Amino acid sequence: MTDLLAASATPSVSTAAPIDQERRIVTAVPGPKSRALHERRLAVVPPGVSSALPVYIDRAHGAILVDVDGNQFIDLGAGIGVTTIGHTNQAVVEAAAAQLHNVTHTLFTITPYESYVRVAELLAEHTPGDHAKKSVLVNSGAEAVENGVKIARKHTGRNGIAVLEHAYHGRTNLTMAMNFKASPYSTGFGPFAGDVYRAPNSYPYHDGLSGTDAARQTTSYLEKTVGATDLACLVVEPIQGEGGFMVPADGYLTALQEWCTANGIVFIADEIQSGMARTGKYWASEHFGLVPDMILSAKGIAGGLPLAAVTGRAEIMDSAQPGGLGGTFGGNPVSAAAAIAVFEQIEANDLLAEGARIGATLTKALLDLQQLYPIIGDVRGIGAMVAIELVLPGTKEPNADAVKFLADYAAQRGVLLLTAGTYGNVLRFLPSLALGDDLLLDALGVIADGFAAL
Ligand SMILES: *Cc1c(COP(=O)(O)O)cnc(C)c1O
């Protein structure tokens, strides 16, 4: 009989060799081992789960990914803004490893534990506004959106959900209905949830509208097509993620929030991509003077472990009945321990300043590049969340081919770069805060060479 009760080994944090923070390409990309793994994958993983760059990752640390062939990539995507404080951050690894040895699961709705409570305290402390706040922890961003909407509906007794053009909120049934872009996210996957109303957003590069005018366009659209009194919530990404990092015009978001407050609509900030220290503040909302009724977080909050949260005004959050919220894995102890370590690292190492540093270096370099290559129509973003929109020469028409070329060019040379945008014509920079300026400038040099080669 196997001894299921054998004494646990001492937590061993890392036995692997340290990873030099440098770019190094030693095989074709993808290399032979990645290609072999890809063959196996094609037999057992459906194509609906695609991979932007099929190099199979073996290890990672800081801002570097190491693949199974020994190639080292500068990671400008951080798993879409998840490993915000760096891959395998030592404090996060230690906290999670220690927790693994103590308890991995009880289910908070059966027998609770402290770390869930601590994460809720940290979220209350570090989200905008000094009102009483409460949080529910779940597993994924989409699940946070679903729960935010559920709670807003219960609180208001209304059904309508307002979202914005170019929004992205997830891949579950409700969130598919909330996304702007059908392909690939929802094509063929209906029927979709109803009562979702999509209003024009603020997209300064294309609409040229002031924040006030853009907000009037949004709210008058909603008043005409739904009526404010039928709306439970307005869900807004303060800086849109998948849509292409649109930074709304000054005053747009506060005008929307005032309109929501005046009409009893819950203002929900989806900060799943823009949050958790990415923009040089904990939440992008803070750059715009917003105090959302509810903030949704996920991606970066637990250093790479799955965790998401809905944090809202206590009186709104209290409207859901006991047993109405939760889920088997929601607020898993290992993820919660990792999230606490992430908050501690941000405070101890002043990581908000690192977001600002990366933003300054990136923006300057990209604006310089725009002088040379006018197909860079727009450079936008805040902190470590910056993008360039590429256009056809002399127009504002999308140039998705150039984006594809540049992402491929960079990958071949050891720079992992993400694309975005409703029309696939945006290159986004979403690096971890552990990315030093030397590595960042090295990556930007590769991208500049890519533009020269275009
Ligand atoms: C990624 C993302 C989601 C969905 O999160 P998942 O964890 O993938 O379900 C929702 N909203 C925004 C803004 C996102 O970037």
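Residues numbered from 1 in each chain as written. Predicted model: local features only at pLDDT ≥ 70, side-chain atom pairs only at ≥ 80, totals over all residues. Heavy atoms only, no water.

Taken together, S140, G141, A142, Y168, H169, G170, E237, D270, I272, Q273 and K299 are the residues near the ligand. D270 is positioned such that a nitrogen or oxygen atom in its side chain is 2.7 Å from a nitrogen atom of the ligand. In the environment of the ligand, an oxygen atom lies 2.8 Å from a nitrogen or oxygen atom belonging to the side chain of Q273. Summarising the interface, the protein chains cover 83% of the accessible area of the ligand, which totals 380 Å² for the free molecule. Broken down by class, the residue content of the shell around the ligand amounts to 3 nonpolar, 5 polar and 3 charged. (Near = heavy atom within 4 Å. Polar contact = N/O pair within 3.5 Å; in protein donor to acceptor, adjacent residues only side chain to side chain. Areas by Shrake-Rupley, 256 points an atom, 1.4 Å probe, with all protein chains shown as cover. Nonpolar A, V, L, I, M, F, W, Y, C, P; charged D, E, K, R; others polar.)

The next point concerns the side chain of H169. Within the secondary structure, H169 sits in the loop between β5 (160-164) and α6 (173-178). Excluding its chain neighbours within four sequence positions, the residues that come into contact with H169 are A142, V145, V163, T175, M178, N179, V235, E237 and D270. (Helix = DSSP H or I, 4+ residues; strand = E, 2+ residues; numbered from the N terminus. Contact = heavy atoms within 4.5 Å.)

Our next topic: a nonpolar patch on the surface. Taken together, V44, V45 and V49 make up a surface patch of nonpolar side chains, about 260 Å² in accessible area. You can see V45 is positioned in the loop between α1 (32-44) and β1 (57-61). (Patch = residues over 30% accessible without salt bridge, like charges linked within 9 Å, V, L, I, M, F, W, Y side chains within 5 Å. Salt bridge = Lys/Arg side-chain N within 4 Å of Asp/Glu carboxyl O.)

Looking now at the confidence of the model for the protein. A residue-level look at the protein finds 96% of positions with pLDDT of 70 or above and a mean pLDDT of 96. Model confidence for the protein, summarised as mean pLDDT per element, is weakest for strand β14 (residues 418-420) at 96 and strongest for strand β8 (residues 266-270) at 99. Below pLDDT 50 for its whole length, residues 8-12 participates in 5 contacts with residues either more than four positions away or in separate chains. (pLDDT = per-residue confidence, 0-100.)

For the rest of this paragraph, the subject is the pattern of salt bridges. A complete count under the given rule lists 14 salt bridges for this structure. Measuring nitrogen to oxygen at the nearest pair gives 3.0 Å for the salt bridge that ties K134 to D318. A residue pair is termed long-range when its members are at least 10 positions apart, and K134 in strand β4 (residues 133-138) and D318 in the loop between α10 (314-317) and α11 (333-348) qualify at 184 residues. A salt bridge links D378 to R380; its shortest N-O distance comes to 2.9 Å. The buried category is assigned to R380, whose relative accessible area is 9%. Here the salt bridges do not stand alone but share partners, grouping D20, E22 and R24 into one network. (Buried < 20%, exposed > 50% of the residue type's maximum accessible area, 1.4 Å probe, protein only.)

Before going further, it helps to spend a moment on the sheet that holds β5. One open sheet accounts for 7 strands, arranged β4-β10-β9-β8-β7-β5-β6; its pairing is mixed. Each edge of the sheet is formed by a strand with only one pairing partner; in this case those strands are β4 and β6 (196-199). Each strand of the sheet is rotated relative to its neighbour by a mean of 20°, with strand direction disregarded. The sheet contact formed by strand β9 (residues 294-297) and strand β10 (residues 308-313) spans 4 bridges and is antiparallel. Considered in β10, the bridge of I295 is made with T311. Contacts from helix α4 (residues 114-126) reach β4, β9 and β10 within the one sheet, and its direction differs from that of β4 by about 130°. (Pairing = 2+ DSSP bridges. Axes fitted to C-alpha atoms, helices over the stretch in contact; angles between N-to-C directions.)

Once that is clear, we can look at the packing of α4 against α11. Two numbers describe how α4 lies on α11: the axes approach to 9 Å, and their chain directions differ by 35°. α11 is crossed by α4, and the crossing has left-handed handedness. Packed against α4, whose contacting residues are S115, Y116, R118, V119, L122, L123 and H126, the element α11 presents P333, A336, A337, A339, I340, F343 and E347 at the interface. Residue composition of the contact of α4 with α11, by class: 10 nonpolar, 2 polar and 2 charged. (Left-handed = near helix turned anticlockwise from the far one by under 90°.)

The domains assigned to the protein are domain 1 (32-89 + 350-453) and domain 2 (93-348). The interface is formed by 39 residues belonging to domain 1 together with 36 residues belonging to domain 2. Carbon and sulfur atoms make up 61% of the area that domain 1 and domain 2 hide from each other, which totals about 3000 Å². For the interface between domain 1 and domain 2, the tally reads 1 salt bridge. Among the ionic pairs, R428 bridges to E242, the shortest N-O distance being 2.9 Å. Elements supplying a minimum of two residues to the side of domain 1 that touches domain 2: α2 (78-81), α12 (351-372), β11 (376-382), β12 (385-390) and β15 (426-429). Of the residues forming the side of domain 1 that touches domain 2, the biggest block, 5 residues, is contributed by β11. Here the residues of the side of domain 1 that touches domain 2 are counted per class, giving 20 nonpolar, 13 polar and 6 charged. (Domains from an automatic or database assignment. Buried area = accessible area lost by both parts, 1.4 Å probe.)

What follows concerns the nonpolar core. In terms of nonpolar packing, the biggest core is built from 88 residues, with L76, I161, M178, L366, I388, F429 and F451 touching the most fellow members. No other element matches α11, which puts 8 residues into this core. The residues touching I161, leaving out its near neighbours within four places in the chain, are V149, R153, L174, M178, D195, V196, Y197, L231, C233 and V235. Counting residues in each nonpolar core, the second largest holds 30 residues, with L222, I239, F245 and A387 among its members. (Core = buried A, V, L, I, M, F, W, Y, C linked by side-chain atoms within 4.5 Å.)

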